[in-house]
Amino acid sequence: MKNFTFSVFILIFILSNAAHAKTLLYITHESKAKVSVYDADSEKLIKSISTGESPFHLSLLSDKKLIAVSHKGVGADYLKIIDAVSGKVKLSPSIIVGRYKRTGEVYLTFDNYGRKLYAIDNNMNYVDIIETEKWKLKKRVMLGIQPKKGIFSLDGSTLVIPNLNSNNIIFLDTLKDNISRNIKINGQPSAAAFSHDGKRLFILDKENSFLLFMDMQSGNIIGKAVVGNEPVNLLLSPDGNTIYVANYASNSLSVINEKTTDVITNIAVGIRPLGMAVDDKTGRLYVCNYGEASIAIIDIKTNRIIRKIPTDATPTNLIIVRE
């Protein structure tokens, strides 16, 4: 009887903790020297973390609850590693990432195993591959001109990197960390994402305002959809059936059917939409409105804005972290 009572107590304790677990939004502000942390449920600011001037991009190492942050500010060319549990800067590895202050952008992506961090420098035109065990630089690979954020294939064997001003997509073999494929694009590729079955690659063409559909086997463009002006970011819904495109100069999101390539709707989200993240549990899509200091919350079932969260200036990129 005592064992049974103890087991029930433990079960209640676990369920209680799960019920009270918070979902947090970590947001960089390019014009500030901090990362803001919001409670996604209450939509309230709960913490500001000083990381260095002009924090730009961030990536989550989920197993260890660590967040890597890059910066654009003068003198802020080192990585900052935030402990997502305490909300404090835990490490400042002595690895310089980003040498063109103000104009340079460094995009961060952890591999599927959390063993390597890929830091893509879009002014120096290379990717630094950093081992996370000791936070040491392992290798540097030259890319095209003005590379953007990389995206991993589902199995993590390939990192795809769009290069805006050399008009090509680079495929990096993550086992050897060598370039395995290079495909030219008729336009300016600004972002990419894989279909859930891995058979297609979705590519934004910033110059011509297209979403391109590439067949992975042949490397051919097999379809396209017209989106808004200056498309800069995209992501898929959790079921993979819908593509969301952030149109920076149109102040909108284009919502596209992944199978038919038809535009379902356009959502006016706010001024200069940039970073995005989707919560697969709540069905909420969060969009950084860089030009109006807010985060738009969208219900992906209805494709309508629920509300906007006021933030500090220039919300740039964001990630979702579960405590």
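Just so you know, these numbers come straight off a predicted model, no measurement behind them.

Asker: How would you sum up the sheet that holds strand E18 (residues 210–215)? Please name residues and give values.
Answerer: Strands sit in the order E16-E17-E18-E19 across an open sheet of 4 strands; the sheet is antiparallel. Single-partner strands in this sheet number two, and they are strand E16 (189–194) and strand E19 (221–226). On average, each strand axis in the sheet is inclined to that of its neighbour by 20°, with strand direction left out of account.

Asker: Help me get a handle on the pattern of salt bridges, residues and values and all.
Answerer: Where charged atoms of side chains with opposite charge meet at close range, the side chains can pair. Counting across every chain of the model gives 14 salt bridges. A salt bridge links Asp 312 to Lys 32, with the nearest nitrogen and oxygen atoms 3.9 Å apart. Linking Asp 312 in the loop between strand E27 (304–310) and strand E28 (315–322) with Lys 32 in the loop between strand E1 (23–29) and strand E2 (34–39), this pair joins segments that are 280 residues apart in sequence. Across the salt bridge formed by Arg 200 and Glu 258, the nearest N and O atoms sit 2.2 Å from each other. Of this pair, Arg 200 sits in strand E17 (residues 200–205) while Glu 258 sits in the loop between strand E22 (252–257) and strand E23 (263–268); the two residues are 58 residues apart in sequence, bridging distant segments of the chain. A relative accessible area of 5% means that Glu 258 is categorised as buried. Because the salt bridges share partners, they merge into one network encompassing Lys 32, Lys 34 and Asp 312.

Asker: So, unusual backbone geometry: which residues are in play, and what are the values?
Answerer: A positive phi angle, near 55°, is found at Ser 54, a position not held by glycine. Within the element layout of this structure, Ser 54 appears in the loop between strand E3 (44–50) and strand E4 (55–61). Of note, the phi angle at Asn 251 is positive, near 60°, even though the residue is not glycine. Residue position: Asn 251 is located in the loop between strand E21 (242–247) and E22. What makes Asn 251 partly exposed here is its relative accessible area of 26%.

Asker: Describe in detail the pairing of E17, supporting the description with residues and values.
Answerer: Within E17, 6 of the 6 residues are buried, which leaves the element mostly enclosed by the surrounding structure. Because side chains alternate across E17, one face comprises the buried residues Arg 200, Phe 202 and Leu 204, and the other comprises Leu 201, Ile 203 and Asp 205, equally buried. Pairing geometry for E16 and E17, over 5 bridges, is antiparallel. Directly across from Phe 194, in E17, lies its bridge partner Leu 201.

Asker: Can you explain the sheet that holds strand E10 (residues 126–131)? Please cite residues and give values.
Answerer: Pairing is antiparallel across the open sheet formed by 4 strands, whose spatial order is E8-E9-E10-E11. Unpaired on one side and paired on the other, strand E8 (106–110) and strand E11 (136–142) mark the two borders of the sheet. For this sheet the average axis-to-axis angle between neighbouring strands, irrespective of direction, equals 20°. Taken together, the 6 bridges between E10 and E11 define a ladder with antiparallel strand orientation. Bridged to Asp 128 within E11 is Arg 140.

Cut-offs and rules
- Residues numbered from 1 in each chain as written.
- Predicted model: local features only at pLDDT ≥ 70, side-chain atom pairs only at ≥ 80, totals over all residues.
- Heavy atoms only, no water.
- Pairing = 2+ DSSP bridges.
- Helix = DSSP H or I, 4+ residues; strand = E, 2+ residues; numbered from the N terminus.
- Axes fitted to C-alpha atoms, helices over the stretch in contact; angles between N-to-C directions.
- Salt bridge = Lys/Arg side-chain N within 4 Å of Asp/Glu carboxyl O.
- Buried < 20%, exposed > 50% of the residue type's maximum accessible area, 1.4 Å probe, protein only.

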